[in-house]
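Chain and residue survey
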Amino acid sequence: MGICIAAIGIIAAFIQPFTLERVDAGHVGIKVNLTGDSRGISKFEYKTGWVIINTWVSRLYEFPTFQQHIDYPEQQVISKGGFAATIKPSFNYSLKAGDIGDMFSNLRLDVKAIEQQWLQTAIVGTVNDVANKWSVDDIFNQREQFESDIVAEANKRVSKWFTISQLRTNIVPPPALQKSIEAKTQAIQEVQVAENQTKVAIAEGDRKIAAARADSAAAVIAAAGEAEAIRRKQVSLSPNYIEYMKIQKWDGVLPTVQSGNGGLLLQLPNK
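Read on for a plain summary of the structure. (Residues numbered from 1 in each chain as written. Predicted model: local features only at pLDDT ≥ 70, side-chain atom pairs only at ≥ 80, totals over all residues. Heavy atoms only, no water.)

Some points on the overall build of the protein
Scanning the protein from terminus to terminus reveals seven helices and 12 strands. Per-residue burial for the protein yields a buried fraction of 27% across its 271 residues. For the protein, long-range pairs separated by at least 24 residues make up 67% of all intrachain contacts whose partners lie at least 6 apart in sequence. Summing over all exposed atoms, the protein offers an accessible surface of approximately 18700 Å²; the carbon and sulfur share of this is 57%. (Helix = DSSP H or I, 4+ residues; strand = E, 2+ residues; numbered from the N terminus. Buried < 20%, exposed > 50% of the residue type's maximum accessible area, 1.4 Å probe, protein only. Contact = heavy atoms within 4.5 Å. Areas by Shrake-Rupley, 256 points an atom, 1.4 Å probe, with all protein chains shown as cover.)

Okay, here's the thing in structure tokens:
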């Protein structure tokens, strides 16, 4: 009899439906009633910490409330003008904690399934719709703005339950278009180099002109100074000044031959 009771107890322990589960920090737990009128959608409860679950009638789902990162596989999108391009979106998302129950009621999926189904469809569809409005040249020349527009549009579409940030499309053009873009980029760079060289040449020419003007001005100033010095010397050489200079230089000795009163005097030696 005791053996039977023990066996029944062991069997009951294995088949009993109750489990103890824990909702980790940074998560929201949703305890869902599997026997509701709408297959579990009619009733759910938010749970935290340790939760006792009757696996026959209920199930616990955990949803993270901190940022998650996702990398989606390659997809094809069509830009304005019909050009196909390859994208491999990556981004961060966070769930709105207060709306997780509503999200589960609508989607009836756990977070990983939502990421790979509903959210992926929303993000890839957003990228494609925004790309349809952008020319392929603008996408690659203004990628930051292109991706910013995608984030803005994505948040409009998923804002009921999600917040999207840090999105990168990692977009790659088809090979033929890639060559065209590279050629165009090279041409633009060559034009910029030529413009820079022209600016350098103009600047060098302006420098030489300025230097020549400075040299010319210096020569004019020097010539004007020399002319002024000569003029001042000429003005200062008056007859009186010349006589004064003669007196200053005379040594007091009369010449042996000199004229006076219109005649010629000759000094003879004494005998």
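Next comes the rest of the write-up.
Points about the environment of Glu 62
Along the polypeptide, Glu 62 turns up in strand S5 (residues 58–64). Distance in space between the C-alpha atoms of Glu 62 and Gly 26 is 9.8 Å, their sequence separation being 36 residues. With sequence-adjacent residues up to four places away left out, Glu 62 is seen in contact with Arg 22, Val 23, Asp 24, His 27, Val 28 and Val 111.

Observations regarding the sheet that holds strand S10 (residues 162–168)
On the basis of which strands lie adjacent, the open sheet formed by three strands has the order S6-S9-S10 and antiparallel pairing. Of all strands in the sheet, those bounded by a partner on one side alone are strand S6 (68–71) and S10. Across this sheet, the average inter-strand angle for adjacent strands is 25 degrees, counted without regard to direction. Bridge analysis of S6 against strand S9 (residues 90–95) gives four bridges, and the strand direction is antiparallel. Bridge assignment links Gln 68 to a residue of S9, and that residue is Tyr 93. (Pairing = 2+ DSSP bridges. Axes fitted to C-alpha atoms, helices over the stretch in contact; angles between N-to-C directions.)

Let's talk about unusual backbone geometry
For Arg 108, which is not glycine, the phi dihedral falls at a positive 55 degrees. Within the fold, Arg 108 resides in the loop between helix H2 (100–107) and helix H3 (111–131). The class for Arg 108 is partly exposed, based on a relative accessible area of 45%. Not every positive phi belongs to a glycine, and Asn 170 is a case in point at roughly 50 degrees. Positionally, Asn 170 belongs in the loop between S10 and helix H6 (175–236).

Considering H3
Taking 1.5 Å per residue, 21 residues should reach 30 Å; H3 reaches 28 Å between its end C-alpha atoms and fits that length. For H3, the principal kink sits at Leu 119 and spans about 40 degrees. Capping the start of H3 is the job of one residue whose side-chain oxygen sits 3.3 Å from the backbone nitrogen of Lys 112: Asp 110. (Expected span 1.5 Å × (residues − 1). Bend = angle between axes of the 7 residues up to and from the residue. Polar contact = N/O pair within 3.5 Å; in protein donor to acceptor, adjacent residues only side chain to side chain.)

Quick word on the nonpolar core
Phe 63, Phe 91, Tyr 93, Leu 119, Ile 123, Phe 162 and Ile 164 are the most contacted members of the largest nonpolar core, which totals 39 residues. Counting residues per element, this core draws most heavily on H3, at eight residues. Discounting chain neighbours no more than four positions away, the residues touching Phe 162 are Tyr 93, Ser 94, Leu 95, Lys 96, Met 103, Ile 114, Trp 118, Leu 119 and Asn 155. (Core = buried A, V, L, I, M, F, W, Y, C linked by side-chain atoms within 4.5 Å.)

With respect to the packing of aromatic side chains
In this structure the tally under the stated criterion is seven aromatic pairs. Here Trp 118 and Trp 161 contribute two aromatic rings whose centre-to-centre distance is 5.3 Å and whose plane-to-plane angle is 55 degrees, an arrangement assigned as tilted. Taken together, the residues span a long stretch of sequence, with Trp 118 in helix H3 and Trp 161 in the loop between helix H5 (143–158) and S10 at a distance of 43 residues. Taking relative accessible area as the criterion, Trp 118 reaches 27% and is therefore assigned partly exposed. Look at Trp 161 and you get buried, because its relative accessible area is 7%. Connected via pairs of aromatic rings, a cluster forms that spans Tyr 93, Trp 118, Trp 161 and Phe 162. (Phe/Tyr/Trp six-rings, centres within 6.5 Å; stacked < 30°, edge-to-face > 60°.)

Regarding the side chain of Thr 169
Its location among the elements puts Thr 169 in the loop between S10 and H6. A distance of 2.8 Å separates a polar atom in the side chain of Thr 169 from a polar atom in the side chain of Glu 147.

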